[in-house]
Amino acid sequence: MKTIIEPFRIKSVEPIRMTTRKERQAYIKEVHYNLFALDSDHVLIDLLTDSGTSAMSASQWAGIMRGDESYAGSPSYHRFEHTIKDLMPFKHIIPTHQGRAAERILFSLVSDDSKLIPSNTHFDTTRANVEATGAQAVDLVIAEGLDPESGHPFKGNIDLERLDQFLIDNKGHVPLVMITVTNNSGGGQPVSMKNIKGARKICDRHDIPLFLDACRFAENAYFIKLREAGYENASVKDIVREMFSYADGMTMSAKKDALVNIGGWLAMNDDAWALKARNILILTEGFPTYGGLAGRDLEAVALGLEEVIDEDYLQYRLASTQYLGDALQSIGIPLITPVGGHAVYVNAAKLLPHIPALSYPGQALAVALYEVGGIRSCEIGSIMFGRQPDGSEMPAKMELVRLAIPRRVYTQSHIDYVIECFEEVYQGKDELVGFEITKEPPALRHFTAHFAPLKPVIA
Ligand SMILES: *Cc1c(COP(=O)(O)O)cnc(C)c1O
């Protein structure tokens, strides 16, 4: 069957306010062509991020009502801890308000300015938290992971040879090794079981702990089931358990694969680290049985974890992303392939070769998608990465537009609508013009910069 059947019915709805193209042209002009500055009421299909944007189930909403708000020893904490340990059998489970809080606590424990932290690719908050301790965050993804068109099935893998050499060269300076599953910054590309196991062996040889940045662990596990020999018939739960059996700890943003709108945790086996982590937790997040969360949030996470490993859900999840990717490719839209789990990345430089990198082809595409169809996407290119510390500008490695798919939020007809908008944008692509920045802050400029469209060049 070509139709994707969402494995759920809809019990509660949120209206989308329809807008006309003319209204959208006015809205985007009003916010100086910065999509982050739009009111979400003025967006029809919001593909800005998959973080914290999941739809919760009826059972999770019931759990919200059941949440026990006792300051200490709440049964909601015990359900949270028990569900996590069932999948990720670490000794200590420490709740935090989101992923970056777990990262901050972990790195403030183990890291300082003499340290280096290797990963396949650090996510930007992870990198920032490593660097905030004075340490260096080093990316060691395999070469295929940096090639937008390589067909490698596990482009998120860490380069094991380079990791081994890195640990030899930096002996005494590496407190832990991280692996991000799936590799978010690399396009949501999965990491194979063989690779995690290989990293474990190397870490054992050097006596260094291995941590997973596990935000999209369930999507990663399903990719293993689909793509890695020997796992075709394994249950996702068993794959997840095996993945974590090779690790000594994890950081988690529950805003991704725990199907909730806020939450996270830090987990580990080491008693001494856990003791210190809980002391920092009390200082900045809260008592160890709630961290930075309410009892009801802990309940929702526990239920979300049971739902996210459901194979009907995961099949639908990866099929939906693939469906969007396949349809865009058949129109002629160049993508990073294979498409990852949570997002489709459009290669805007290739789609709009007449717009130079520093006239921001990604922004031109993102604005066109908004004007044509009310779709909000995210430029990941020279606007996000082009500004140098000295204020000068250099083109980024790639000019991408990310279409992140919120979990359980949009139906196939919403996605068909996105595809139709792309058809129209594709028809008019040669007329799209670049942008200039008219105002920018010194750092993280993509959030608040102002833009103006450049005048079309008359040939
Ligand atoms: C989102 C994310 C984080 C940070 O989590 P927050 O909940 O946003 O703080 C860390 N690592 C990865 C891979 C992520 O996707």
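Reading the values: the criteria
- Residues numbered from 1 in each chain as written.
- Predicted model: local features only at pLDDT ≥ 70, side-chain atom pairs only at ≥ 80, totals over all residues.
- Heavy atoms only, no water.
- Domains from an automatic or database assignment.
- Contact = heavy atoms within 4.5 Å.
- Buried area = accessible area lost by both parts, 1.4 Å probe.
- Salt bridge = Lys/Arg side-chain N within 4 Å of Asp/Glu carboxyl O.
- Polar contact = N/O pair within 3.5 Å; in protein donor to acceptor, adjacent residues only side chain to side chain.
- Helix = DSSP H or I, 4+ residues; strand = E, 2+ residues; numbered from the N terminus.
- Nonpolar A, V, L, I, M, F, W, Y, C, P; charged D, E, K, R; others polar.
- Buried < 20%, exposed > 50% of the residue type's maximum accessible area, 1.4 Å probe, protein only.
- Near = heavy atom within 4 Å.
- Areas by Shrake-Rupley, 256 points an atom, 1.4 Å probe, with all protein chains shown as cover.
- Axes fitted to C-alpha atoms, helices over the stretch in contact; angles between N-to-C directions.
- Parallel < 35°, antiparallel > 145°, perpendicular 65-115°, else oblique.
- Left-handed = near helix turned anticlockwise from the far one by under 90°.
- Pairing = 2+ DSSP bridges.
- Phe/Tyr/Trp six-rings, centres within 6.5 Å; stacked < 30°, edge-to-face > 60°.
- Lys NZ or Arg CZ within 6 Å of the ring centre and 35° of its normal.

**Some words on the domain arrangement of the chain**
And then number 1: Taken domain by domain, the chain consists of domain 1 (21-50 + 311-453) and domain 2 (58-308).
And then number 2: Facing 21 residues of domain 1, the contacting portion of domain 2 comprises 29 residues.
And then number 3: A buried area of about 2,100 Å², summed over both sides, lies between domain 1 and domain 2, and 51% of it is on carbon and sulfur atoms.
And then number 4: Its salt-bridge partner being Glu 311, residue Lys 225 comes within 3.3 Å of it at the nearest N-O pair.
And then number 5: Connecting domain 1 to domain 2 are 15 residue pairs in polar contact (both at pLDDT 80 or more).
And then number 6: In terms of residues, the side of domain 1 that touches domain 2 owes the most to one element, helix H12 (residues 311-331), which gives 6 residues.
And then number 7: Taken together, the residues of the side of domain 1 that touches domain 2 sort by class into 9 nonpolar, 5 polar and 7 charged.

**Some words on the side chain of Ser 377**
And then number 1: Tracing the backbone through its elements, the reader meets Ser 377 in the loop between strand S10 (375-376) and strand S11 (378-380).
And then number 2: When its relative accessible area of 1% is taken as the criterion, Ser 377 is described as buried.
And then number 3: Among residues more than four places away in sequence, those in contact with Ser 377 are Leu 35, Leu 47, Leu 48, Ala 366, Leu 369, Val 401, Arg 402 and Leu 403.

**Section: the site of the ligand**
And then number 1: In the vicinity of the ligand lie 14 residues, with Arg 100, Asp 213, Arg 216, Ser 253 and Lys 256 positioned nearest.
And then number 2: Between the ligand and Arg 216, the relevant distance is 2.9 Å, taken from an oxygen atom to a side-chain nitrogen or oxygen of the residue.
And then number 3: Surface burial for the ligand is 98%, taken as the share of its 380 Å² of free accessible area covered by protein chains.
And then number 4: In terms of residues, the shell around the ligand owes the most to one element, helix H4 (residues 99-110), which gives 3 residues.
And then number 5: Residue classes in the shell around the ligand are distributed as 2 nonpolar, 6 polar and 6 charged.

**Quick notes on the pattern of salt bridges**
When the charged atoms of two side chains with opposite charge come close together, those side chains can pair.
And then number 1: In this structure the tally under the stated criterion is 28 salt bridges.
And then number 2: Between Arg 408 and Glu 307 there is a salt bridge; the shortest N-O distance is 2.9 Å. Of the two residues, Arg 408 sits in the loop between strand S12 (400-404) and helix H16 (412-427) while Glu 307 sits in helix H11 (residues 295-308), which places them 101 residues apart along the sequence.
And then number 3: In this structure Glu 307 comes out as buried when scored by relative accessible area, which is 18%.
And then number 4: A single network of salt bridges, built from pairs that share partners, joins Asp 50, Arg 216, Glu 219, Asp 257, Arg 317 and Arg 407.

**Digging into the environment of Val 240**
And then number 1: Along the chain, Val 240 turns up in helix H9 (residues 236-245).
And then number 2: Here the alpha-carbon distance between Val 240 and Tyr 222, two residues 18 residues apart in the chain, equals 9.0 Å.
And then number 3: In this structure Val 240 touches Leu 87, Phe 217, Ala 221 and Ile 309, once residues within four positions along its chain are discounted.

**Some thoughts on the packing of H4 against helix H10 (residues 271-284)**
And then number 1: For the pair H4 and H10, the least separation of the axes is 10 Å and the interaxial angle reads 125°. Considering their axes alone, H4 and H10 lie oblique with respect to each other. Judged by the twist between their axes, the crossing of H4 over H10 is right-handed. In contact with Arg 104, Ile 105, Ser 108, Leu 109 and Val 110 of H4, H10 contributes Trp 273, Lys 276, Ala 277, Ile 280, Leu 281 and Thr 284.
And then number 2: The class makeup of the residues in the contact of H4 with H10 is 7 nonpolar, 2 polar and 2 charged.

**Details of the sheet that holds strand S6 (residues 210-213)**
And then number 1: Spatial strand order, S2-S8-S7-S6-S5: 5 strands in an open sheet with mixed pairing. Single-partner strands in this sheet number two, and they are strand S2 (92-96) and strand S5 (177-180). Neighbouring strand axes in the sheet, compared pairwise and without regard to direction, differ in orientation by 15° on average.
And then number 2: Note that S6 and strand S7 (residues 249-253) share 3 bridges and pair parallel. The residue of S7 that forms the bridge with Asp 213 is Thr 251.

**What to know about the packing of aromatic side chains**
And then number 1: Counted by the stated rule, this structure contains 11 aromatic pairs.
And then number 2: Here the aromatic rings of Phe 8 and Tyr 316 are separated by 5.5 Å at their centres, their planes lie at 85°, and the arrangement is edge-to-face. Here Phe 8 is found in the segment before helix H1 (21-30), whereas its partner Tyr 316 is found in helix H12, with 308 residues between them in sequence.
And then number 3: Residue classification places Phe 8 among the partly exposed residues on the basis of a relative accessible area of 27%.
And then number 4: Between the aromatic rings of Tyr 71 and Phe 287, the centroid separation amounts to 5.6 Å while the plane-to-plane angle is 45°, which identifies the pairing as tilted. Of this pair, Tyr 71 sits in the loop between helix H2 (58-66) and helix H3 (75-87) while Phe 287 sits in the loop between H10 and H11, and the two are 216 residues apart along the sequence.
And then number 5: For Tyr 71, a relative accessible area of 55% puts it in the exposed group.
And then number 6: Each residue in the set Phe 8, Tyr 313 and Tyr 316 is aromatic and connected to the rest through ring pairs, giving one cluster.
And then number 7: Over the ring of Phe 123 we find Lys 256, and its NZ or CZ is 5.5 Å from the ring centre.
And then number 8: The ring of Tyr 426 is capped by Lys 429, whose NZ or CZ atom sits 5.1 Å from the centre of that ring.

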